[in-house]
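Descriptive structure summary
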Amino acid sequence: MNKHVGWIAGTAAAVLVAAGAITYAVAEDGGSDGAPAAGSADAGFARDMAVHHQQAVEMSYIVRDRTDDEEVRRLAYDIAQTQANQRGMLLGWLDLWELPKFSSEPPMTWMDMGSMPSGEDGALMPGMATNSEMKKLNTLDGKQAEVFYLQLMTDHHKGGVHMAEACVKRCEVGVEKRLAQTMVNGQESEIGLMADMLKDRGAKARP
């Protein structure tokens, strides 16, 4: 655990700074005068993407313990830092809007996808790893861990991009729409990077 202390502390500090900045930005963007409704796309995206991001952070922590490869460890660090930071922003918005962080509605209802079948084996939304896949990642080492992580994260990013694109179209709070577009751009770039990393390891993304 000690080797993670500095990383965790740094991530926590970044989230606190970002949360303060984003709270101000939302207020300036009109959020203080008219908070979104609990069933709005803005609130739904904040809730669902916070859950989606949390799993990406967990997967990244796992692979950093399962390999010594600096390229994969650096990518995992960057993903964990970025998504923990963004998750702090999303939860901060919900606090600012005085909205619950959980909903009785199925995930992605705000995307008109609430009627989709519930996720298999703990995968609550498209792209998310199942409980079995998370357990498997914890058992692999070296190249096997690297390849499986890159495959899981590629799927995860594809699901995240789909959700973020929906927010760009449906959300009404300007600063949230801009963050969603940042997610689209960043994760699409990382999908390309991970394809190259998989190729270097004699593998490819899952169909």
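Owing to the predicted nature of the structure, the values given are computational and were not obtained by experimental measurement.

Some remarks on the overall build of the protein chain
Scanning the protein chain from terminus to terminus reveals 6 helices and 0 strands. Counting across all 207 residues of the protein chain, residues that qualify as buried make up 47%. In the protein chain, once contacts between residues fewer than 6 apart in sequence are set aside, the share between residues at least 24 apart is 77%. Total accessible area on the protein chain is roughly 10,200 Å²; 53% of this is exposed by carbon and sulfur atoms.

Topic: the nonpolar core
Counting residues in each nonpolar core, the largest one holds 31 residues, and the members touching the most others are Phe45, Leu90 and Trp110. For this core, the elements supplying multiple residues, two or more each, are helix H2 (41-66), helix H3 (70-96), helix H5 (142-170) and helix H6 (174-200). It is H2 that provides the largest number of residues to this core, a total of 6 residues. Tryptophan 110 has contacts with Ser40, Ala41, Gly44, Phe45, Asp48, Met163, Ala166, Cys167 and Arg170, leaving out every residue within four places of it along the chain. Ranked by size, the runner-up nonpolar core spans 22 residues in total, among them Ala56, Ala129, Leu140 and Met153.

Some thoughts on the pattern of salt bridges
Counted according to the given criterion, the structure contains 9 salt bridges. In this structure, the salt-bridge partner of arginine 201 is glutamate 71, at a minimum N-O distance of 3.2 Å. With arginine 201 in the segment after H6 and glutamate 71 in helix H3, the pair connects residues that are 130 residues apart, well separated along the chain. Residue arginine 206 pairs with aspartate 155 through a salt bridge whose shortest N-O separation is 2.7 Å.

Some thoughts on the packing of aromatic side chains
Working definition: an aromatic ring pair is given by the centre-to-centre distance plus the angle between the planes. This model, assessed by the stated rule, comprises 2 aromatic pairs. Measuring from ring centre to ring centre gives 5.9 Å for phenylalanine 45 and tryptophan 110, while their planes differ by 80°; the resulting arrangement is edge-to-face. On the criterion of sequence distance, the pair formed by phenylalanine 45 in helix H2 and tryptophan 110 in the loop between H3 and helix H4 (131-137) is long-range, its members being 65 residues apart. Each member of the pair, phenylalanine 45 as well as tryptophan 110, carries the same accessibility label: buried. Pairing tryptophan 93 with tryptophan 97 gives two aromatic rings, centres 6.1 Å apart and planes at 20°, and the pair type is stacked. Assessed through its relative accessible area of 4%, tryptophan 97 is described here as buried. One Lys or Arg, lysine 136, reaches over the ring of phenylalanine 148 and ends 4.6 Å from the middle of that ring.

The rules behind each value
Residues numbered from 1 in each chain as written. Predicted model: local features only at pLDDT ≥ 70, side-chain atom pairs only at ≥ 80, totals over all residues. Heavy atoms only, no water. Helix = DSSP H or I, 4+ residues; strand = E, 2+ residues; numbered from the N terminus. Buried < 20%, exposed > 50% of the residue type's maximum accessible area, 1.4 Å probe, protein only. Contact = heavy atoms within 4.5 Å. Areas by Shrake-Rupley, 256 points an atom, 1.4 Å probe, with all protein chains shown as cover. Core = buried A, V, L, I, M, F, W, Y, C linked by side-chain atoms within 4.5 Å. Salt bridge = Lys/Arg side-chain N within 4 Å of Asp/Glu carboxyl O. Phe/Tyr/Trp six-rings, centres within 6.5 Å; stacked < 30°, edge-to-face > 60°. Lys NZ or Arg CZ within 6 Å of the ring centre and 35° of its normal.

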